[in-house]
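Reading the structure
Listed here are the chains, written in short residue letters.
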Amino acid sequence: MDTILYLARHGETVDNANQIMQGQTQGELNENGLRQAQELSAQWKDYDIDIVMASDLKRSVDTAAIIAAPHGLEVVMTPLLRERDWGGFTGRYIPSLKNEVWPDDIETLENLLSRAGEFIAYVKKTYPGKKVLAVGHGIINKAVQAVYFKKSMSEIPRMSNAEVRELVL
């Protein structure tokens, strides 16, 4: 039996709304993000979900906890689902970064894709035949899908806040 991975992105945060590069900062859901998480929870309350996972960053854990509540499930956290580490770009206004040279301390694409592959392998090995809803972030979720579909990151459409995509592992 296949493992089903429902890959979700956390609800909108204060920094998302202000176009601030969050990276691996904790982040805080804003009012819209809380509403998005509650709507997602209501949409998924009747789905058969065995496991709810999240990155270990607050914005994902908070979203996952709202989704997990109607199922009576605890949130399993993993650093494998953390957002890309943006190094010196963290905390900066995204539109101002357009023509800047990338600093050396940004997590490499190779490392990001490797982590995404490790996450897929972890879910397959740890939860065979289960239905897993995992709340991650925009870029790591793109990387997970790029590895899964064997495509480049640029070929994967951007995920909206509180969007879910299904992968059969």
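Residues numbered from 1 in each chain as written. Predicted model: local features only at pLDDT ≥ 70, side-chain atom pairs only at ≥ 80, totals over all residues. Heavy atoms only, no water.

This part covers the pattern of salt bridges. Summed over all chains, the structure comprises 9 salt bridges. A salt bridge links Glu39 to Arg35; the nearest nitrogen and oxygen atoms lie 2.8 Å apart. Residue Glu39 and its partner Arg35 are located together in helix H2 (residues 31-44), separated by 4 residues, close to a single helical turn. Among the residues examined, Glu39 registers a relative accessible area of 39% and is labelled partly exposed. Here Arg35 falls in the partly exposed class, since its relative accessible area comes to 40%. With a closest N to O distance of 2.3 Å, Arg92 and Glu100 form a salt bridge. Assessed through its relative accessible area of 28%, Arg92 is described here as partly exposed. By sharing partners, the salt bridges in this structure join Glu28, Lys58 and Asp62 into a single network. (Salt bridge = Lys/Arg side-chain N within 4 Å of Asp/Glu carboxyl O. Helix = DSSP H or I, 4+ residues; strand = E, 2+ residues; numbered from the N terminus. Buried < 20%, exposed > 50% of the residue type's maximum accessible area, 1.4 Å probe, protein only.)

Take the packing of H2 against helix H3 (residues 58-68) next. As a packed pair, H2 and H3 sit with axes 8 Å apart at the nearest point and diverge in direction by 35 degrees. Considering how the two elements wind past one another, H2 and H3 form a crossing that is right-handed. From H2, Leu34, Ala37, Gln38, Leu40 and Ser41 reach across to H3, where they touch Thr63, Ile66 and Ile67. (Axes fitted to C-alpha atoms, helices over the stretch in contact; angles between N-to-C directions. Left-handed = near helix turned anticlockwise from the far one by under 90°. Contact = heavy atoms within 4.5 Å.)

What follows is about the pairing of strand S3 (residues 75-78). Bridge analysis of strand S2 (residues 51-55) against S3 gives 4 bridges, and the strand direction is parallel. Residue pairing across strands places Met53 opposite Val76, the latter belonging to S3. In terms of handedness, the path from S2 via H3 over to S3 forms a crossover that is right-handed. (Pairing = 2+ DSSP bridges. Right-handed = clockwise from strand over helix to strand, strands pointing away.)

Taken in spatial order, the 5 strands of this open sheet run S3-S2-S4-S1-S5, and their pairing is mixed. A strand with exactly one partner marks an edge of an open sheet, and here the two such strands are S3 and strand S5 (164-168). Each adjacent strand pair in this sheet contributes to an overall mean axis angle of 25 degrees, direction not counted. Note that strand S1 (residues 4-9) and strand S4 (residues 131-136) share 6 bridges and pair parallel. Paired with Tyr6 across the strands is Leu133, a residue of S4. Against the sheet, helix H4 (residues 109-126) touches S1, S2, S3 and S4, its axis set at about 160 degrees to S2.

Moving on, we come to the packing of aromatic side chains. Within this structure, the stated rule accounts for 7 aromatic pairs. For the ring pair Tyr6 and Trp44, a centre distance of 4.7 Å and an interplane angle of 70 degrees mean the geometry is edge-to-face. Taken together, the residues Tyr6 in strand S1 and Trp44 in helix H2 connect sequence positions 38 residues apart. Per residue, the accessibility class of Tyr6 equals that of Trp44, and both read buried. Taking 6.2 Å as the distance between ring centres and 90 degrees as the angle between the ring planes, the aromatic pair formed by Tyr122 and Tyr127 counts as edge-to-face. (Phe/Tyr/Trp six-rings, centres within 6.5 Å; stacked < 30°, edge-to-face > 60°.)

Before going further, it helps to spend a moment on the environment of Ile156. When you line up the elements, Ile156 lands in the loop between helix H5 (138-149) and S5. It is 7.0 Å that separates the C-alpha atoms of Ile156 and Gln145, two residues lying 11 residues apart in sequence. The residues contacting Ile156, other than those within four sequence positions of it, are Lys142, Gln145, Ala146, Phe149, Lys151 and Arg165.

Below, the discussion takes up H4. With 18 residues, H4 should cover 26 Å at 1.5 Å per step; its first-to-last C-alpha distance of 25 Å lies within 8% of that length. Every buried residue of H4 is listed here: Leu112, Arg115, Ala116, Phe119, Ile120 and Val123. What you see down the axis of H4 is that its buried residues fit within an arc of 140 degrees, all on one side. In this structure, H4 carries Glu110 and Lys125 as exposed residues pointing more than 90 degrees from its buried face. (Expected span 1.5 Å × (residues − 1). Arc of directions from axis to C-beta.)

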